[in-house]
Amino acid sequence: MLPSELPRENSTFSSFFPHASLTLAPTTPMATPQLFSSFKYYDSLTLVAISLCTAVVCEAISWLLIYRTNSYKSLRSSIDKASKKLETMKTESSAKIAKKSKTKKMDRVETSLKESSRDLSLFKFKSGAVVALVLFVVFGLLNSLFEGKVVAKLPFAPFRIVMKMSHRGLNGDDPTDCSMAFLYFLCSISIRTNLQKFLGFSPPRGASAGLFPMPDPKTN
């Protein structure tokens, strides 16, 4: 029907029904976002989904800068070999009386393992700045979206120290209210750790010393 014919049809309708009025309902947008936003666990699931996406992005950055390089692969291989060799030597020394030569050899392997672990930590440090920047931006975005909102309910009242973080930025005195910062912290730790294990990017067994290893008591 052409637009020029619409007034003619409206006048015909009014002539048949003088006391009635024809009003066209305005078009409304899709109600799907409103349906999801009224869901009980919408905020919690949104936060978990954002944490998962952030963990994937961070691991992708780490893969581009670190995990695919030959230097990282060689360091990881040397750490794995040294840790296995050290475990074998400790097992043999516990079964027999340890000699001085064997003890010195174990000390050399331990020193080499600590140095390789420190080099690996320094090598991974360059991607840490980029990952920290991504996490800072995401946290600022989430803080603006969920400021002052209760995103979850804790099953119990936490300790006062934990409550300072779980109730951060929330109004009210309900100790079971959970803030965005606390839920995002838990999701980030659990999701990224399990994602690293799933992708095979978790640190080697012998690389737990980090940048600042504990001093060796034998040297004191």
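How each quantity is defined
Residues numbered from 1 in each chain as written. Predicted model: local features only at pLDDT ≥ 70, side-chain atom pairs only at ≥ 80, totals over all residues. Heavy atoms only, no water. UniProt positions renumbered as here; feature names shortened; annotations may be inferred. Helix = DSSP H or I, 4+ residues; strand = E, 2+ residues; numbered from the N terminus. Contact = heavy atoms within 4.5 Å. Areas by Shrake-Rupley, 256 points an atom, 1.4 Å probe, with all protein chains shown as cover. Buried < 20%, exposed > 50% of the residue type's maximum accessible area, 1.4 Å probe, protein only. Polar contact = N/O pair within 3.5 Å; in protein donor to acceptor, adjacent residues only side chain to side chain. Phe/Tyr/Trp six-rings, centres within 6.5 Å; stacked < 30°, edge-to-face > 60°. Lys NZ or Arg CZ within 6 Å of the ring centre and 35° of its normal. Salt bridge = Lys/Arg side-chain N within 4 Å of Asp/Glu carboxyl O. Patch = residues over 30% accessible without salt bridge, like charges linked within 9 Å, V, L, I, M, F, W, Y side chains within 5 Å. Lys, Arg positive; Asp, Glu negative; His and termini not counted. Charge placed at Lys NZ, Arg CZ, Asp CG, Glu CD.

- The protein chain is annotated in an unreviewed UniProt entry as Calcium load-activated calcium channel of Carya illinoinensis.
- According to its UniProt record, the protein chain has this under Sequence similarities (unreviewed entry): "Belongs to the TMCO1 family."
- Taken directly from UniProt, the Subcellular location (unreviewed entry) text for the protein chain runs: "Endoplasmic reticulum membrane".

## Quick word on the overall build of the protein chain
1) Next: Scanning the protein chain for helices and strands turns up 7 helices and 2 strands.
2) Next: For the protein chain, the proportion of contacts with a sequence separation of at least 24, taken over those separated by at least 6, is 70%.
3) Next: As presented, the protein chain carries roughly 15,900 Å² of accessible surface, and 65% of it is formed by carbon and sulfur atoms.

## Focus: the environment of Asp 177
1) Next: Counting through the fold element by element, Asp 177 comes out in strand E2 (residues 177-178).
2) Next: Using a relative accessible area of 8% as the deciding quantity, one classes Asp 177 as buried.
3) Next: In this view, Asp 177 contacts Val 150, Ala 152, Lys 153, Ser 166, His 167, Leu 170 and Asn 171; residues no more than four positions away in its chain are not counted.

## Considering the side chain of Glu 59
1) Next: You can see Glu 59 is positioned in helix H3 (residues 42-67).
2) Next: Within polar-contact distance, the side chain of Glu 59 engages the side chain of Arg 192 at 2.7 Å.
3) Next: Those residues in contact with Glu 59 that sit more than four places away from it in its chain are Tyr 67, Arg 192, Leu 195, Gln 196, Leu 199 and Phe 201.

## Thoughts on the packing of aromatic side chains
1) Next: Per the counting criterion, the structure on display carries 3 aromatic pairs.
2) Next: Measuring from ring centre to ring centre gives 4.3 Å for Tyr 67 and Phe 201, while their planes differ by 25°; the resulting arrangement is stacked. Here Tyr 67, found in helix H3, pairs with Phe 201, found in the segment after helix H7 (180-199); they are 134 residues apart in sequence, far enough to count as distant.
3) Next: For Phe 201, a relative accessible area of 16% translates into the label buried.
4) Next: Over the ring of Trp 63 we find Arg 68, and its NZ or CZ is 5.7 Å from the ring centre.

## Re the UniProt feature "transmembrane region" (unreviewed entry) in the protein chain
1) Next: The positions that UniProt labels "transmembrane region" (unreviewed entry) are, in the present scheme, residues 45-67 and 128-146.
2) Next: Within the segment residues 45-67, helix and strand shares are 100% and 0% respectively, and the terminal C-alpha atoms sit 30 Å apart.
3) Next: The span residues 128-146 is 95% helical and 0% strand by assignment, and the distance between its end C-alpha atoms comes to 26 Å.

## Focus on the pattern of salt bridges
1) Next: Inspection of every chain in the model, using the stated rule, returns 4 salt bridges.
2) Next: A salt bridge links Lys 153 to Asp 174; its shortest N-O distance comes to 2.6 Å. Of this pair, Lys 153 sits in strand E1 (residues 152-153) while Asp 174 is found in the loop between helix H6 (160-166) and E2, placing the two residues 21 residues apart along the sequence.
3) Next: Take Lys 153: its relative accessible area is 52%, and that puts it in the exposed class.

## What about a positive patch on the surface?
1) Next: Together, Lys 85, Lys 104, Lys 105 and Arg 108 line one region of the surface with positive charge.
2) Next: No other element matches the 3 residues that helix H5 (residues 100-145) contributes to the positive patch.
3) Next: Here Lys 104 is to be found in helix H5.

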